[in-house]
Amino acid sequence: MEKKELQLQPRLALLASLVPQGASVADVGTDHGYLPVYLLQHRRVCRAIASDINREPLEHARRTALAYGVTEGIAFRLCAGLDAIAPQEADTVIIAGMGGETMIEILKNAPWTREKLLLLQPMTKAELLRSWLVGNGYVITQERLVRDKDTLYAVLTATGGESEAITPAQAYCGVKLAHDPLWGEYIDERMAKLARAAEGLQASGLADKEQRVAHLRATIEELQKRKGEWEDGNG
């Protein structure tokens, strides 16, 4: 019987491509377990831990591993974040498919991740994640963009180290994306999001709304400048 080969959607395929050969990985919030199963099936990693806070997706991950013949080399952990994973069990930690604020809480509770390679793919609040990383002992070493089902996702790699502070505009548009062909579109999306936030604030009754709106508009102006420089550099 021919063994089935798992195919990944573009977002997960990009994450898989960034995993070092021979790594031991922990996939936090594994959901269906597609990523660790793919990595094992393609002998990209020596072992994998698939963790999830909910029992049902973890059971689905077990079924995925069974269906694709990689039950050896994979462990399943029912836990919040990295709570049931020991530092020595993984040299690469993947946290993908959740909001940036949730990712920050997971990393706060596992300071040992500064000793590891992190692969991070926030669904929302990427700007908060970037700012938190550089302010809390991590260095963003690489960023990539990928389009998946009409949505543009940013994937970050990070490790422990000292970083210079970043501006609000860098938090929104990335610190390592200037050479990505999708960066112009990503900046447009960030500016549109900030413009909507400014409009909402302007219509609110908040006492400090003018100050907050001015901050958002200044960030939009910096993003426009960065996009213009990017377009000039790319002809």
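Quick caveat: nothing in here was measured; it's all calculated off a predicted structure.

### Points about the overall build of the protein
Assigned secondary structure in the protein consists of eight helices and seven strands. The C-alpha atoms of the protein give a radius of gyration of 19 Å, which matches the 18 Å a tight globule of 235 residues would have. Dimensions of the protein, computed from C-alpha atoms along their principal axes, come out at roughly 60 × 40 × 35 Å. Here the analysis covers contacts within the protein between residues at least 6 apart in sequence; of these, 68% occur between residues at least 24 apart. Side chains of the protein give 28 positive and 32 negative charges; the mean places of these two sets differ by 3 Å.

### A short note on the nonpolar core
Among soluble globular proteins, nonpolar side chains are generally buried collectively. Core analysis: the biggest nonpolar cluster contains 48 residues, and L82, I95, L120, L133, W183, Y186 and L223 have the highest contact counts within it. With seven residues, helix α7 (residues 183-202) is the largest single contributor of residues to this core. L12, V19, Y68 and A96 belong to the second-largest nonpolar core, a separate cluster that totals 30 residues.

### A look at the pairing of strand β4 (residues 92-98)
With six of its seven residues buried, β4 lies for the most part within the structure. With four bridges connecting them, strand β1 (residues 23-28) and β4 associate as parallel partners. Note that in β4 the partner of D27 across the bridge is I94. Taken together, the six bridges between β4 and strand β5 (residues 117-122) define a ladder with parallel strand orientation. The partner of I94 across the bridge, within β5, is L119. Taking the sense of rotation as the criterion, the β-α-β connection linking β4, helix α4 (residues 100-108) and β5 turns out right-handed.

### Some remarks on the side chain of K116
Here K116 lies in the loop between α4 and β5. Buried charge without a partner: K116 forms no salt bridge, and the closest opposite charge is E115, 7.0 Å away. Within the structure, K116 has its side chain in polar contact with the backbone oxygen of A90 (distance 3.0 Å). The residues touching K116, leaving out its near neighbours within four places in the chain, are P87, A90, D91, V93, A158, T159 and G160.

### A short note on α4
G100, M103, I104, I106 and L107 are the residues of α4 that are buried. What you see down the axis of α4 is that its buried residues fit within an arc of 160°, all on one side. Tucked inside the fold, the buried residues of α4 contact β1, β4, β5, α5 (126-135) and β6 (138-148).

### Focus on the environment of R114
Mapped onto the elements of the fold, R114 is located in the loop between α4 and β5. The sequence separation of R114 and A218 amounts to 104 residues, and the corresponding C-alpha distance is 33 Å. In this structure R114 touches N136, G137, Y138, T159 and G160, once residues within four positions along its chain are discounted. A polar atom in the side chain of R114 sits 2.9 Å from the backbone oxygen of N136.

### Concerning the pattern of salt bridges
Tallied over the full model, the rule gives 11 salt bridges. R130 is the partner of E143 in a salt bridge, and the nearest nitrogen-oxygen pair spans 2.7 Å. Within this pair, whereas E143 is found in strand β6, its partner R130 is found in helix α5, the two being separated by 13 residues in sequence. Judged by its relative accessible area of 3%, E143 falls in the buried class. K227 is the salt-bridge partner of E231, the closest N and O atoms lying 3.7 Å from each other. Here E231 pairs with K227, and both are found in helix α8 (residues 209-233), just four residues apart, close to one helical turn. With a relative accessible area of 17%, K227 lands in the buried category.

### Looking at the packing of aromatic side chains
This structure, assessed with the given rule, holds two aromatic pairs. Relative to Y138, the ring of W132 has its centre 5.6 Å away and its plane inclined at 35°; by these criteria the two rings are tilted. Here W132 and Y138 have matching classes, each one buried. Where W183 meets W230, the ring centres are 6.3 Å apart and the plane angle is 80°; that geometry is what we call edge-to-face. Of this pair, W183 sits in helix α7 while W230 sits in helix α8, and the two are 47 residues apart along the sequence. Note on W183: relative accessible area 6%, which makes it buried. The ring of Y68 has K4 lying over it, and the distance from NZ or CZ to the ring centre is 4.9 Å.

Rules behind the numbers
- Within each chain, residue numbers correspond to sequence positions counted from 1 in written order.
- With the structure being a predicted model, the display of local features is reserved for residues of pLDDT at least 70 and the display and counting of side-chain atom pairs for 80 or more, all residues being used for whole-chain, interface and lining totals.
- To obtain the side-chain values, all non-hydrogen atoms of the structure were included, while hydrogens and water were left out.
- The secondary structure listing takes helices from DSSP runs of H or I that are at least 4 residues long and strands from runs of E that are at least 2 residues long, numbered from the N terminus.
- C-alpha atoms define the radius of gyration in this analysis, and the globule rule sets the expected value at 2.2 Å times the number of residues to the power 0.38.
- Whether two residues are in contact is decided by their heavy atoms, any of which lying within 4.5 Å being enough.
- When charges are counted, Lys and Arg contribute as positive and Asp and Glu as negative, whereas His and the chain ends are disregarded.
- Working definition for charges: the position is that of NZ of Lys, CZ of Arg, CG of Asp or CD of Glu.
- By nonpolar core is meant a set of buried Ala, Val, Leu, Ile, Met, Phe, Trp, Tyr and Cys residues that side-chain atoms within 4.5 Å join together.
- Per-residue accessibility, obtained with a 1.4 Å probe over protein chains only, is compared with the maximum for each type, and a residue is labelled buried under 20%, exposed over 50%, and partly exposed between these values.
- At least two bridges found by DSSP between two strands is the condition for calling them paired.
- We call a crossover right-handed when, viewed with both strands directed away from the observer, the connection leading from the first strand over the helix to the second proceeds clockwise.
- One side-chain nitrogen of Lys or Arg within 4 Å of one carboxyl oxygen of Asp or Glu is enough to make a salt bridge.
- Definition of a polar contact: a pair of N or O atoms within 3.5 Å, with one able to donate and the other able to accept a hydrogen when the atoms are protein atoms, and with sequence-neighbouring residues admitted only if both atoms are side-chain atoms.
- The directions from the helix axis to the C-beta atoms are what the arc is built from.
- Each pair of aromatic rings taken from Phe, Tyr and Trp, with Trp reduced to its six-membered ring, is defined by centres within 6.5 Å and is described as stacked if the planes are under 30 degrees apart, edge-to-face if over 60, and tilted in the remaining cases.
- Criterion for a charge above a ring: Lys NZ or Arg CZ within 6 Å of the ring centre, and within 35 degrees of the ring normal.

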